[in-house]
Number of protein chains: 2
Amino acid sequence: MDKVFEISLLLDFYGQLLTDRQYEIMDLHYNNDFTLTEIAEQLGISRQGVYDNEKRGRALLNEYESKLGLLSKFCEQKEKAEKVQKYLEKLNLAELSPHNKAIIEQVMQEIRELANNI
Amino acid sequence: MDKVFEISLLLDFYGQLLTDRQYEIMDLHYNNDFTLTEIAEQLGISRQGVYDNEKRGRALLNEYESKLGLLSKFCEQKEKAEKVQKYLEKLNLAELSPHNKAIIEQVMQEIRELANNI
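As annotated in an unreviewed UniProt entry, chain A is UPF0122 protein EHE19_010470 from Ruminiclostridium herbifermentans. Check the Sequence similarities (unreviewed entry) section of the UniProt entry for chain A; it says "Belongs to the UPF0122 family." The UniProt entry for chain A carries this comment under Function (unreviewed entry): "Might take part in the signal recognition particle (SRP) pathway. This is inferred from the conservation of its genetic proximity to ftsY/ffh. May be a regulatory protein."

See the structure below:
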């Protein structure tokens, strides 16, 4: 997984356990593509202050994931749902009765939600 | 959801963020049905000490869930997977071609794993 994307997901999962300042800085950097210098200007604090908060926040997010592993658990669920989507795509829809087709359509919609819910 | 079962799930999700002592006491109480008095005897500490640790641990677990909501997120996923299971049970299997039947069997197995993975 791309490192920036991974931190952005970790922030989504555990961000509420950071201080407001840590969260704000990481959100600007990882979700809004601000550089650390831009963040320092935006918040009116030193670049070193931004750097320290970002480093500490990132360490905390990694620590939470290494203790709880909930992002990894979610990713496994998502992969299973995507696997099911792939199976369903192999169905020969023309061979389905109207009754079965209606059910499969509902299943496909639920599975799509499951796979995208991360 | 039954309160004891809910705390047991919260312990499963966030237990690694508690102190070893808090975790040990809550694990004995909620997963192994020990009374607080039995835990005090087992660990050789006062009943008040057990009580305080259990109370503090429970407050922390509830605080983590109220900040992160990951147990609730997982329960939603589980409910979606169970909904899909119910849809699949309504399929008329006799009407499926061998090709489609083989796919549906694989889908059912994956969905079962998704629904039970909590």
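Asks: So what's going on with the overall build of chain A? Which residues, and what values?
Replies: For chain A, the count of helices and strands is 6 helices and 0 strands. Shown N-terminal to C-terminal, the secondary structure of chain A runs as helices and strands in the order α-α-α-α-α-α. Compactness check: chain A gives a C-alpha radius of gyration of 20 Å against a globular reference of 13 Å for 118 residues, more than 25% above the reference. The principal-axis extents of the C-alpha atoms in chain A amount to approximately 65 × 30 × 20 Å. The proportion of buried residues among the 118 residues of chain A is 42%. Summing over all exposed atoms, chain A offers an accessible surface of approximately 6500 Å²; the carbon and sulfur share of this is 45%. Placing the 15 positive and 21 negative side-chain charges of chain A at their respective mean positions leaves the two points 6 Å apart.

Asks: Summarise the relation of the copies chain B and chain A; cite the residues concerned and give the values.
Replies: Mapping chain B onto chain A leaves a residual RMSD of 0.1 Å; the transformation is a rotation of 180 degrees accompanied by 0.0 Å of translation along its axis. Accordingly, the operation relating the two chain copies is best matched by a two-fold axis. Closest to the rotation axis within chain B is the C-alpha of leucine 96 of chain B, separated from it by 3.2 Å.

Asks: So what's going on with the interface of chain B and chain A? Residues and values would help.
Replies: Accessible area lost upon the coming together of the parts serves often as the stated size of an interface. With 34 residues of chain B at the contact, the number on the chain A side is 34 residues. Buried area between chain B and chain A, summed over both chains or domains, comes out near 3700 Å², and the portion from carbon and sulfur atoms is 67%. Remark: the boundary between chain B and chain A carries 4 salt bridges. Here glutamate 113 of chain B and lysine 80 of chain A are joined by a salt bridge, their closest N and O atoms 3.8 Å apart. Viewed at the interface, chain A and chain B are joined by 8 residue pairs in polar contact (both at pLDDT 80 or more). Residue assignment for the side of chain B that touches chain A shows that the elements contributing at least two residues are α1 (3-14), α4 (47-68), α5 (70-89) and α6 (98-116) of chain B. For the side of chain B that touches chain A, the per-class residue count stands at 18 nonpolar, 8 polar and 8 charged.

Asks: Got a sec to walk through the side chain of lysine 80 of chain A? Specific residues and values, please.
Replies: Note that lysine 80 of chain A resides in helix α5 (residues 70-89). Every residue in contact with lysine 80 of chain A, bar those within four places of it in the chain, is listed here: Glu110, Glu113, Leu114 and Asn117 of chain B.

Asks: Which residues make up the domain arrangement of chain A, and what values go with them?
Replies: Here chain A is partitioned into domain 1 (3-68) and domain 2 (73-117). Placing a centre on the C-alpha atoms of domain 1 of chain A and another on those of domain 2 of chain A gives a separation of 36 Å.

Asks: Can you break down the packing of aromatic side chains residue by residue, with the values?
Replies: Scanning the entire structure with this criterion turns up 7 aromatic pairs over all chains. Three or more aromatic residues joined by ring pairs form one cluster here, namely Phe13, Tyr14, Tyr64 and Phe74 of chain A together with Phe13, Tyr14, Tyr64 and Phe74 of chain B. Sitting above the plane of the phenylalanine 74 of chain B ring, lysine 73 of chain A keeps its charged end 5.0 Å from the centroid.

Asks: How would you summarise the side chain of glutamine 77 of chain B if you had to cite specific residues and measurements?
Replies: Here glutamine 77 of chain B is to be found in helix α5. Not counting chain neighbours up to four residues away, the residues in contact with glutamine 77 of chain B comprise Phe74, Leu114 and Asn117 of chain A.

Asks: Pulling in residues and values, what's your account of the packing of α5 of chain A against α5 of chain B?
Replies: When two helices pack together, their arrangement is captured by the angle between the axes and the distance separating the axes. Close contact between α5 of chain A and α5 of chain B brings their axes to 12 Å; oriented N to C, the two are set at 10 degrees. Here α5 of chain A lies roughly parallel to α5 of chain B, going by the angle between them. Each of Leu70, Lys73, Phe74 and Gln77 of chain A in α5 of chain A lies in contact with α5 of chain B, whose residues at this interface are Leu70, Lys73, Phe74 and Gln77 of chain B.

Asks: Any chance you could break down unusual backbone geometry for me, citing the residues and the numbers?
Replies: All names here are of chain A. Look at aspartate 33: it is not a glycine, yet its phi comes out positive at around 60 degrees. Here aspartate 33 is to be found in the loop between α2 (20-31) and α3 (36-43). You can call aspartate 33 exposed: its relative accessible area is 65%.

Asks: Describe in detail the environment of asparagine 92 of chain A, supporting the description with residues and values.
Replies: With respect to the helices, strands and loops of the structure, asparagine 92 of chain A is situated in the loop between α5 and α6 (98-116). Not counting residues up to four positions away in its chain, the partners in contact with asparagine 92 of chain A are His99 and Asn100 of chain B. There is a polar contact of 3.2 Å between the side chain of asparagine 92 of chain A and the backbone nitrogen of alanine 94 of chain A.

Asks: An account of the environment of leucine 93 of chain A is needed here, citing residue identities and associated values.
Replies: Residue and element names in this part refer to chain A. Its place among the elements puts leucine 93 in the loop between α5 and α6. Classification of leucine 93 by relative accessible area gives partly exposed; the value is 37%. In this structure the C-alpha to C-alpha distance between leucine 93 and glycine 49, which are 44 residues apart in sequence, comes to 59 Å. Excluding residues that lie within four positions of it along the chain, leucine 93 makes contacts with Lys101 and Met108.

Criteria and cut-off values
Residues numbered from 1 in each chain as written. Chains lettered and ligands numbered in written order. Predicted model: local features only at pLDDT ≥ 70, side-chain atom pairs only at ≥ 80, totals over all residues. Heavy atoms only, no water. UniProt positions renumbered as here; feature names shortened; annotations may be inferred. Helix = DSSP H or I, 4+ residues; strand = E, 2+ residues; numbered from the N terminus. Rg over C-alpha atoms; globule rule 2.2 N^0.38 Å. Buried < 20%, exposed > 50% of the residue type's maximum accessible area, 1.4 Å probe, protein only. Areas by Shrake-Rupley, 256 points an atom, 1.4 Å probe, with all protein chains shown as cover. Lys, Arg positive; Asp, Glu negative; His and termini not counted. Charge placed at Lys NZ, Arg CZ, Asp CG, Glu CD. Least-squares fit on C-alpha atoms with pLDDT ≥ 70 in both. Contact = heavy atoms within 4.5 Å. Buried area = accessible area lost by both parts, 1.4 Å probe. Salt bridge = Lys/Arg side-chain N within 4 Å of Asp/Glu carboxyl O. Polar contact = N/O pair within 3.5 Å; in protein donor to acceptor, adjacent residues only side chain to side chain. Nonpolar A, V, L, I, M, F, W, Y, C, P; charged D, E, K, R; others polar. Domains from an automatic or database assignment. Phe/Tyr/Trp six-rings, centres within 6.5 Å; stacked < 30°, edge-to-face > 60°. Lys NZ or Arg CZ within 6 Å of the ring centre and 35° of its normal. Axes fitted to C-alpha atoms, helices over the stretch in contact; angles between N-to-C directions. Parallel < 35°, antiparallel > 145°, perpendicular 65-115°, else oblique.

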